[in-house]
Amino acid sequence: MSDSAGGGESGGGAGQDSEADNEPPQQPPPLLPGGAGEISEEGASPSAKRLRMSEEGVGQDQVVEPGQRHEETPTQPSSLQGMPAQTAEGTGDLLQCEEGGHSGKEVVVVGEEEEYHQNGEEGPKPEEEHNGDGSAESPGDGQQYVEEKRLSLDFTQNPQMLTGSWTEYSNLPENYLKGCKWAPDGSCILTNSADNVLRVYNIPPEIYSYNWDLLPEMSPVLRMAEGDTIYDYCWYPKMNSLEPDTCFLASSSRDNPVHVWDAFYGEVRASFRPYNHLDELTAAHSLCFSPDGAQLYCGFDKMVRVFHTERPGRDCEERPTIVKKQGQSGIISCFGFSPCQSVYACGSYSRCAGLYSCQDGTLLALLPTRHHGGLTHLLFSPDGNYLYTGGRKDPEILCWDLREPGRVVFALKRNVATNQRIYFDLDQSGRYLLSGDTEGVVSVWDTHTAPPDGNEELLQPQLRFQAYWDCTNGVSIHPFMPLLATSSGQRQFPWPGDSEGDSASDTEGSGAVMSQQDTRQDNVLTLWWAGPLSPAAEGSQDQSTTAAEA
C-alpha cells in the first residue's frame, strides 16, 4: 500500500472495512463547472465543453466531441425531455435552511436545451415527474413546486416491485452490489458493485404512465470501471440533466486519486490527488461535496482534506481531526452536511461522530461513543436538528438531538452482522427513515411517532418487508417521486475446505459441491413503487407484494 508508511490511511481502510467501500480509475482530468477557464467553443454542444486544465500530469487540453460519445450512453434519461422551464432561486446563505442544504446560484432550465439531450428514447411525462431544476436545487419556490406536484410516499402497504437489474451482476461470481444513489435531479440511479464498476441507469419511461406490466429489465447506460476497490462515491449536488456541465460524480478507490466522472460520456473529467506527509499518493476513504458543490471533502486517517471543485490537482486544505491529542481519532468514514447551518458531521471507524465548522474545520462537538462498530453512514434531518448515525456490526441507528449534543432521542433496531456498509435514507420531509439489513429486510420508521421527550426509546418500525433473501445493503428514496431503489448482495464465505482442495479426487461425494450450491447469490438492483396506486394497478398489488416477499 502506498500509505503503509503514512499512518495506514489506505492499508487501514482495506483491513478495517474490506467489504464496505469503493474506488475509481486513473486518467487525465478535464472539467468542472463554473470555472473561469471554461471554453465556449463555437458549434459544440454544452456536453462537449470542458475546462482546460493546467494541472500537472495533464499534457494537453481534452475536448470530448459529440461524435466520440459512449455508444450505449443515452445522455441522462428520456424522463427529463419535454419538461417545462422552471426556475429555482437559492438564498445563497447556508445559515438559512434550504432543502437538501443547497445554497446554490440561480438555475434556469431553458426549454431549448432539450435538443442537447440526445437520448433516443422519448416518453411522455406527467406533471409531477420533475421539478424542473431537480429537487437537488429546490429551496424556496422550487420546493413549493415539488410539494405541489409530487406524489407522497405511502407506507400503509408494502411497496410494489416494478423492475430492476439482475443479469448485469450475474456475469461475474460474487459480483454483489455495494449501494445505490439517486441523482440529485432524480433522473437516474448510480450503483457500485464488487467488480469495481460504477453504473448509471435511467428511469424506465413506462413508470410515468403506470404501464408497469410492460417494464423491461433495466440495463445500464453507463459503465465506469475503476482500477481497484471503490471506497466511496457521490453525485455533484447541483447535478441537472438539462445542464450537461453539471452532470458528474466523484469516486475514490484504493491506490488511486479521486476521480470525477462525466455522467454523460462515462469518462474521467478530472482528478484530485491527495498526498500524505511522505508525499505519497493516498486514497480517500470517504467523499462528499459541499451543499453548493464548490468543495469536495475527503476523509483520511485523522484527517479531512478539502479540494476546490474548480481546481483539480493536488492543492487542498488539510484539516486534522486531532489537534494536540484532542479530537476525533480513526479513519473518517462518512460525511454529512447540515441543511440549515454551516456545519458538517464526520463519522469515523473509531465509533464516534464529530461536528465541525465548514469555514475552517473547527471541532464544534464530539458526540459520545455509543456505537458498537465503526460508523459507516450518517444523515442530517431536513430541519438540521437531528443527526442519524449507523455503524458496521451494530444493531442500531441512533438519532442524536444536536440542540443538546450527546443526547440520543431514540434508536432504530436493524440487523447488521457484517462490516459491510448498510445505507439508510430519509425522505425529503424527514418523516420516513428506511434501512435494509443483512437478512434482506427493509424497515420503514415513522420518526413523527417518536415521543418528543423520548429517552433513548426503541422506535418500532411502521412497516417491514422482505426485499431479498440476501443482504439489502442500499436504500435510496427518489427526490420527488414515491420511488425506492434498493440494492442487495454481500461477500459469500464458502465452508472451510470448499474453496481450496488438493485435487478433485480429495473431495468425496457431493460435500463440496453441495456447499457451493448452497451459497446462492442475490445481487440485484430493484425499483419499488411506494405511492398511491392507479386503479389499473391496484388489482395486481397483492400479486406483486407476494412476489416481493418470496
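These figures come from a predicted structure and were not determined experimentally.

> Looking at this model, I keep getting lost on the environment of V221. Mind explaining?
Position of V221 among the secondary structure elements: in the loop between β6 (197–202) and β7 (222–225). Exposure remark for V221: the relative accessible area of 9% places this residue in the buried category. V221 sits 42 residues away from A263 along the chain, and the two C-alpha atoms are 9.7 Å apart.

> Is there a simple way to explain the nonpolar core in this structure?
The tendency in soluble globular proteins is for nonpolar side chains to be buried side by side. Counting 21 residues, the largest nonpolar core has L162, I207, L483, L527 and W529 as the members making the most contacts within it. The set of elements that each furnish at least two residues to this core consists of β4 (177–182), β32 (483–488) and β33 (525–529). Judged by nonpolar contacts, the second largest core, of 20 residues, contains C188, L198, F264 and V268.

> What is the right way to read the pairing of strand β14 (residues 303–308) from this model?
Consecutive side chains of a regular strand alternate in pointing toward one face of the sheet and then the other. With five of its six residues buried, β14 lies for the most part within the structure. Bridge count between strand β13 (residues 295–300) and β14: six bridges; the pairing is antiparallel. Looking at the pairing, Q295 lines up with H308 of β14. Two elements, β14 and strand β15 (residues 317–320), share four bridges in a ladder whose sense is antiparallel. Residue pairing in the sheet places V306 in a bridge with E317 of β15.

> So what exactly am I meant to see when it comes to the sheet that holds strand β28 (residues 441–446) here?
What holds strands together in a sheet is hydrogen bonding between their backbones, with the strands either parallel or antiparallel. Spatially, the four strands line up as an open sheet ordered β26-β27-β28-β30, and their pairing is antiparallel. At either margin of the open sheet sits one strand with a lone partner, and together these are β26 (424–426) and β30 (463–466). Adjacent strand axes in the sheet meet at a mean angle of 15°, parallel and antiparallel pairs treated alike. In terms of strand pairing, β26 meets strand β27 (residues 432–435) through three bridges, oriented antiparallel. Bridged to D425 within β27 is L434.

> What am I meant to see in the pattern of salt bridges here?
When charged atoms on two side chains of opposite charge get close, those side chains can pair. Going through the model one piece at a time under the given rule, you end up with 13 salt bridges. Between D301 and K302 there is a salt bridge, with the nearest N and O atoms lying 3.2 Å from each other. Bridged by salt links that share partners, the residues E168, D195, R199 and R223 form one connected network.

> I'm lost on the environment of D255 in this one. Help?
With respect to the helices and strands, the residue D255 is situated in the loop between β9 (248–253) and β10 (258–262). Sequence separation between D255 and A284 is 29 residues, and the spatial gap between their C-alpha atoms is 9.2 Å.

> Help me out: how do you make sense of the sheet that holds β4 in this one?
Taken together, the four strands give an open sheet; going across it, the order is β4-β5-β6-β7, and neighbouring strands pair in antiparallel fashion. What marks the edges here is a single partner per strand, and that holds for β4 and β7. Averaged over all adjacent pairs, the angle separating strand axes in this sheet is 20°, with direction ignored. In the sheet, β6 pairs with β7 via four bridges, with the strands oriented antiparallel. Residue pairing across strands places R199 opposite R223, the latter belonging to β7.

> Help me understand the pairing of strand β31 (residues 472–477) in this model?
The buried fraction of β31 amounts to six of the six residues, a majority that puts the element mostly inside the structure. Two elements, β31 and β32, share five bridges in a ladder whose sense is antiparallel. By the bridge assignment, I477 is partnered in β32 with L484. Turn length for the β31-β32 hairpin, with the two strands adjacent in sequence and antiparallel, is five residues.

> Explain the side chain of T321 to me, please; I cannot follow it from the model alone.
Within the secondary structure, T321 is located in the loop between β15 and β16 (322–323). T321 has contacts with K302, M303, V304, Q326, G327, Q328, I332 and Y356, leaving out every residue within four places of it along the chain.

> What is the right way to look at the packing of aromatic side chains in this model?
Given two aromatic rings, their pairing is described by the distance between the two centres and the angle made by the two planes. Using the criterion set out here, one finds 13 aromatic pairs in the structure. For the pair W212 and W529, a centre-to-centre distance of 5.1 Å together with 50° between the ring planes defines the contact as tilted. One end of the pair, W212, is in the loop between β6 and β7; the other, W529, is in strand β33, with 317 residues separating them in the sequence. Since its relative accessible area comes to 3%, W529 is described here as buried. Note on Y297 and F337: the rings are 5.0 Å apart at their centroids and 80° apart in plane angle, and the pair reads as edge-to-face. Within this pair, whereas Y297 is found in strand β13, its partner F337 is found in strand β18 (residues 332–337), the two being separated by 40 residues in sequence. We classify Y297 as buried; its relative accessible area is 1%. Overall, F337 belongs to the buried group, its relative accessible area being 13%. Of note, K181 hangs over the ring of Y233, and the distance from its end group to the ring centre comes to 4.2 Å. The side chain of R392 reaches across the aromatic face of Y349, ending 4.2 Å from its centre.

Conventions used here
Residues numbered from 1 in each chain as written. Predicted model: local features only at pLDDT ≥ 70, side-chain atom pairs only at ≥ 80, totals over all residues. Heavy atoms only, no water. Helix = DSSP H or I, 4+ residues; strand = E, 2+ residues; numbered from the N terminus. Buried < 20%, exposed > 50% of the residue type's maximum accessible area, 1.4 Å probe, protein only. Core = buried A, V, L, I, M, F, W, Y, C linked by side-chain atoms within 4.5 Å. Pairing = 2+ DSSP bridges. Axes fitted to C-alpha atoms, helices over the stretch in contact; angles between N-to-C directions. Salt bridge = Lys/Arg side-chain N within 4 Å of Asp/Glu carboxyl O. Contact = heavy atoms within 4.5 Å. Phe/Tyr/Trp six-rings, centres within 6.5 Å; stacked < 30°, edge-to-face > 60°. Lys NZ or Arg CZ within 6 Å of the ring centre and 35° of its normal.

As far as function goes, none of this settles anything; it's purely spatial.
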